[in-house]
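This is what each chain is made of:
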Protein chains: 2
Amino acid sequence: MSKGLPKRSEDYSLWYNELVKRADLAENSAVRGCMVIKPYGYSIWEKMQAELDRMFKETGHTNAYFPLFIPKSYLSKEASHVEGFAKECAVVTHYRLKNAEDGSGVIVDPEAKLEEELIVRPTSETVIWSTYKNWIQSYRDLPLLVNQWANVVRWEMRTRLFLRTAEFLWQEGHTAHATREEAIQETEQMMNVYAQFAEEFMALPVVRGRKTENERFAGAEDTLCIEAMMQDGKALQAGTSHFLGQNFAKAFDVKFAAKDGKLDYVWGTSWGVSTRLMGALIMAHSDDNGLVLPPKLAPTQVVIVPIYRGEEEFKAISEKANEFATALRRVGVSVKFDDRDTHKPGWKFAEYELKGVPVRIAIGPRDLENGTVEIARRDTLTKETFELNSQPIEQKILDLLDDIQNTIYNKALHFREEHTTEVNSWDEFKEVLENKGGFIAAHWDGTGETEEKIKELTKATIRCIPINQKQEEGECVLTGKPSKGRVLFAKAY
Amino acid sequence: MSKGLPKRSEDYSLWYNELVKRADLAENSAVRGCMVIKPYGYSIWEKMQAELDRMFKETGHTNAYFPLFIPKSYLSKEASHVEGFAKECAVVTHYRLKNAEDGSGVIVDPEAKLEEELIVRPTSETVIWSTYKNWIQSYRDLPLLVNQWANVVRWEMRTRLFLRTAEFLWQEGHTAHATREEAIQETEQMMNVYAQFAEEFMALPVVRGRKTENERFAGAEDTLCIEAMMQDGKALQAGTSHFLGQNFAKAFDVKFAAKDGKLDYVWGTSWGVSTRLMGALIMAHSDDNGLVLPPKLAPTQVVIVPIYRGEEEFKAISEKANEFATALRRVGVSVKFDDRDTHKPGWKFAEYELKGVPVRIAIGPRDLENGTVEIARRDTLTKETFELNSQPIEQKILDLLDDIQNTIYNKALHFREEHTTEVNSWDEFKEVLENKGGFIAAHWDGTGETEEKIKELTKATIRCIPINQKQEEGECVLTGKPSKGRVLFAKAY
């Protein structure tokens, strides 16, 4: 292991970048803006995927797979949609390479030009709705509840590992319904699924809300979202769920015959979360020693480190360690017994702290004598001597993992509460944003102009209109015009 | 359900295409050569993925994710590699769209041209080895055992659903080793993992073998493969495992310090299977009534169909059906109770036959009286009346699923044996190929010229030199030159 990480208090951004690299989560690739997700980072993403996939299936969705490429004309069919994505589209124009005739190497064969350019999907509404046209004839074909796990590409100019990359991994749900109400219900349901996933598994409290018109998905009638707060007080949009109205059904002429035989356009939703969640997970909980992972998403929940001199001590300790590992695995805990003799215990302690393993058990010769082990928890960096005859170790560890999961969640919740401020004047708004950060709950006059103006002046955006917004008369913090409730402003990732 | 499928005996190719579409497995998309994998097809692929992923992890591999795009210069670094893939590369040249100034619509922005063109990965050796350069310094970093689940693009001119598509899904393992021997061992191990998966889960007997030099992967020193036989007697390459020697290590300058401090290039392997396996699965077992799925990969293993008149009968039958479903689920069987009143039993029978559900249980009022159910198996299309008091139904079904899995396998094995012919003359070769098809075991003089000539004359290729090839003196079936063992020829997908 190399020297310590940069400190969050000194350079939060550098701390994040270094942590992502040193904890073996991801790195930049040779292609601008595209990342390599390293095995350890990917194993966390796999755990997220597994839970989300289970939740999608439990709510009646099935997976499918649609093409990577979208004909340019398809993307253009929904006007505001193409408007929203045109500036960041990777375009395939040719389908062959050849050797240059002047011997200068391999070139794109100018004769192998596509008749119509293909866009590498930035999102799949258009290609999916063009398919749904053939899948949907009558109300019996509805609802159609499909999800896809895929890679998408948005040619971003400024990128950061996990948070904003030219290519990222995500899931995108695309559903079709017979009624407006049912589609709205689905939109809300999936926002709630995301919120539940964030809170229960990522230990990440989120605000459920609605985007303003300015911040809506290109092609949606309504965008719901979950917004989380990072330790630097900035907001991070962690998932969105869109009510598409009949926009894409109209663009792709997807109609269905109702029970009474009447033809109508289908109602749609789409919803997604991405590898951006990895960035949220890292930034919400980790500290200056490295990653802090919620036990429910940690690839390794417990590491056992032997402390010994000589073969004989090692043998006795290994026996005990293997016994614990077996007992823990039997109750579903993932355990690693790190018996490598190539690294010292101190090195291992630091390594697993950096990697965010929630619980460390250390066993030395004195522990064997005393019938104890040392148990350290990653989140609080505290240690205790555990008496093996006080209770079964597997119960001790299960309780501890639960406690860690809850503690991390509560800490993040407390932080968010501490960093959510109601302000009632423009001076106060600027002052809080500048000196404290976090969410600012303020009145807003409901216009896009004011929203835009505030963004220009402060870089703060309206993260959402909370679902549980209190009805409250007030005056817009910038214009003084009337408002009926507070919205959440913040600087955001 | 629409009318019957075309018959295999009349038009095998049409039968396959229609089956894929009617059983809701996949369909063509608006983008030439790119398919949509429909929910039912994808659920079978997910089962394959789950088993393969488990097998990869059990053999020490971890998953990671590498970029979709490969800089053109990277692809060119390994000479035979670029040679092999240049003719089918989708090329990204631009990164933005804009509105045409003449108002004609959305066009590719000519000013947003990439400095270096990007290739949509046809396979990831180059981008991965360029990354491995930074991951590998010493023998302690080896072996590096990484797999990736991803989409890849090869711009094929003639495509067929699952078998040959411009975009397909696959996994690609990429490993790095300190010694030649260890890399060869890995190459063999992964061929064996594929063979085990094919035989145990897909119920698909395969020949393990080695490709000839002509048929080797572009950039490999040796390509091992598993070859299966379809019901029309054509061969299908179901998986390949490549020993890369030090080719990619040299192209990307990946060296490691051995224990003695000596620097050497790393030894590599790569191996993959793709959604092509779906094609193999379908073509190996299915019949003129539809899909036949091996129970171990069937998304639904048992369907229960009630046969009733009126609400009262339905209630009594439903109670029984739900009791069975619960008992079966408890022992890990996936069951669907199709209680829809919108479709008649006969329609359902045909539908589940088409979809390849291995076991159908029908329950009618007389069954209730007699304490029986009707059990039908999909593979043999046979039915029996099962006495419920003869043994627990879950044991009956578990045994039946096992039996179906074995029967399907043995049927395919028998077919392959019947269609593997040793021939000793050129006339016999042509005669067998023409009239019987299948694998032809023949002597070959070992030259690429002869192999090429035979392909030109007959369209048959050398599928592989079997791993268990008998040492046997003989004369090349075309040239009469000496040979030391038979190789397998066939027409292939």
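Per an unreviewed UniProt entry, chain A is named Proline--tRNA ligase, and its organism is Algoriphagus kandeliae. What the UniProt record of chain A gives under Function (unreviewed entry) is the line "Catalyzes the attachment of proline to tRNA(Pro) in a two-step reaction: proline is first activated by ATP to form Pro-AMP and then transferred to the acceptor end of tRNA(Pro)."

Draft legend 1. Molecular detail of the overall build of chain A. Scanning chain A from N- to C-terminus turns up 14 helices and 27 strands. With the C-alpha coordinates of chain A rotated into their principal frame, the extents come out at 80 × 70 × 55 Å. Among the 493 residues that make up chain A, the fraction classed as buried is 58%. Pairs at least 24 apart in sequence give 69% of the contacts found in chain A among residues at least 6 apart. Between the mean site of the 64 positive side-chain charges and the mean site of the 76 negative ones, chain A shows a separation of 2 Å.

Draft legend 2. Highlighting the interface of chain A and chain B. Between chain A and chain B, the residue contacts involve 60 residues of the former and 60 residues of the latter. Here chain A and chain B share an interface that buries about 4,900 Å² over both sides, 68% of which is from carbon and sulfur atoms. Among the residues of chain A in contact with chain B, Tyr-65, Tyr-95 and Leu-97 of chain A are the three that bury the most area, contributing 14% of the side total. Viewed at the interface, chain B and chain A are joined by two salt bridges. The shortest N-O distance in the salt bridge between Lys-57 of chain B and Glu-46 of chain A comes to 3.1 Å. At the boundary of chain A with chain B, the tally comes to 28 residue pairs in polar contact (both at pLDDT 80 or more). Here the side of chain A that touches chain B is built from residues that sort into 38 nonpolar, nine polar and 13 charged. In terms of strand pairing, strand S5 (residues 91–94) of chain A meets strand S5 (residues 91–94) of chain B through three bridges, oriented antiparallel. Paired with Val-91 of chain A across the bridge in S5 of chain B is His-94 of chain B.

Draft legend 3. The packing of aromatic side chains, seen in detail. Evaluation of the coordinates by the stated rule reveals 40 aromatic pairs over all chains. Taken together, the ring pairs connect Trp-45, Phe-56, Trp-149, Tyr-194 and Trp-271 of chain A into an aromatic cluster. Cation over ring: Lys-355 of chain B sits above Tyr-40 of chain B, and NZ or CZ is 5.2 Å from the ring centre. Above the plane of the ring of Phe-349 of chain B lies Arg-360 of chain B, whose end atom (NZ or CZ) is 3.7 Å from the centre.

Draft legend 4. A look at the side chain of Lys-72 of chain B. Mapped onto the elements of the fold, Lys-72 of chain B is located in helix H3 (residues 72–75). The contact partners of Lys-72 of chain B, leaving out residues within four places of it in the chain, are Leu-97, Val-106, Ile-107 and Val-108 of chain A together with Glu-116, Glu-117 and Ile-119 of chain B.

Draft legend 5. Looking closely at the sheet that holds strand S11 (residues 207–210) of chain B. Residue and element names in this part refer to chain B. An order of S3-S9-S10-S16-S13-S12-S11-S24-S27-S23-S22 is seen for the eleven strands of this open sheet, with the pairing classed as mixed. Whereas interior strands pair on both sides, the edge strands pair on one side only; in this sheet they are strand S3 (62–63) and strand S22 (420–422). Note that strand S23 (residues 439–443) and strand S27 (residues 486–490) share four bridges and pair antiparallel. The residue of S27 that forms the bridge with Ala-442 is Val-487. Strands S11, strand S12 (222–229), S22 and S23 of the sheet are contacted by helix H12 (residues 393–418), whose axis makes an angle of about 25° with S22.

Draft legend 6. Representation of the sheet that holds strand S19 (residues 359–363) of chain B. Residue and element names in this part refer to chain B. One open sheet accounts for five strands, arranged S18-S17-S19-S20-S21; its pairing is mixed. In the strand order of this sheet, the two ends are held by strand S18 (335–337) and strand S21 (382–387), each with one partner. Between one strand and the next, the sheet's axes are offset by a mean angle of 25°, whatever the strand orientation. One ladder, built from three bridges, connects strand S17 (residues 302–306) with S18; its direction is parallel. Residue pairing across strands places Val-302 opposite Val-335, the latter belonging to S18.

Draft legend 7. Main features of the UniProt feature "domain: Aminoacyl-transfer RNA synthetases class-II family profile" (unreviewed entry) in chain A. Mapped onto this numbering, the UniProt entry annotates "domain: Aminoacyl-transfer RNA synthetases class-II family profile" (unreviewed entry) at residues 27–294 of chain A. Helix makes up 29% of residues 27–294 of chain A and strand 32%, with an end-to-end C-alpha separation of 22 Å.

Draft legend 8. Quick look at the packing of helix H2 (residues 39–58) of chain A against helix H6 (residues 180–200) of chain A. Residue and element names in this part refer to chain A. Where H2 contacts H6, the axes come no closer than 11 Å and their chain directions differ by 145°. At the point where H2 passes H6, the crossing takes the right-handed sense. Within the contact between the two elements, H2 uses Met-48, Glu-51, Leu-52, Met-55 and Phe-56 and H6 uses Met-190, Val-193, Tyr-194, Gln-196 and Phe-197. Looking at the contact of H2 with H6 residue by residue, the classes come out as eight nonpolar, one polar and one charged.

Conventions used here
- Residues numbered from 1 in each chain as written.
- Chains lettered and ligands numbered in written order.
- Predicted model: local features only at pLDDT ≥ 70, side-chain atom pairs only at ≥ 80, totals over all residues.
- Heavy atoms only, no water.
- UniProt positions renumbered as here; feature names shortened; annotations may be inferred.
- Helix = DSSP H or I, 4+ residues; strand = E, 2+ residues; numbered from the N terminus.
- Buried < 20%, exposed > 50% of the residue type's maximum accessible area, 1.4 Å probe, protein only.
- Contact = heavy atoms within 4.5 Å.
- Lys, Arg positive; Asp, Glu negative; His and termini not counted.
- Charge placed at Lys NZ, Arg CZ, Asp CG, Glu CD.
- Buried area = accessible area lost by both parts, 1.4 Å probe.
- Salt bridge = Lys/Arg side-chain N within 4 Å of Asp/Glu carboxyl O.
- Polar contact = N/O pair within 3.5 Å; in protein donor to acceptor, adjacent residues only side chain to side chain.
- Nonpolar A, V, L, I, M, F, W, Y, C, P; charged D, E, K, R; others polar.
- Pairing = 2+ DSSP bridges.
- Phe/Tyr/Trp six-rings, centres within 6.5 Å; stacked < 30°, edge-to-face > 60°.
- Lys NZ or Arg CZ within 6 Å of the ring centre and 35° of its normal.
- Axes fitted to C-alpha atoms, helices over the stretch in contact; angles between N-to-C directions.
- Left-handed = near helix turned anticlockwise from the far one by under 90°.

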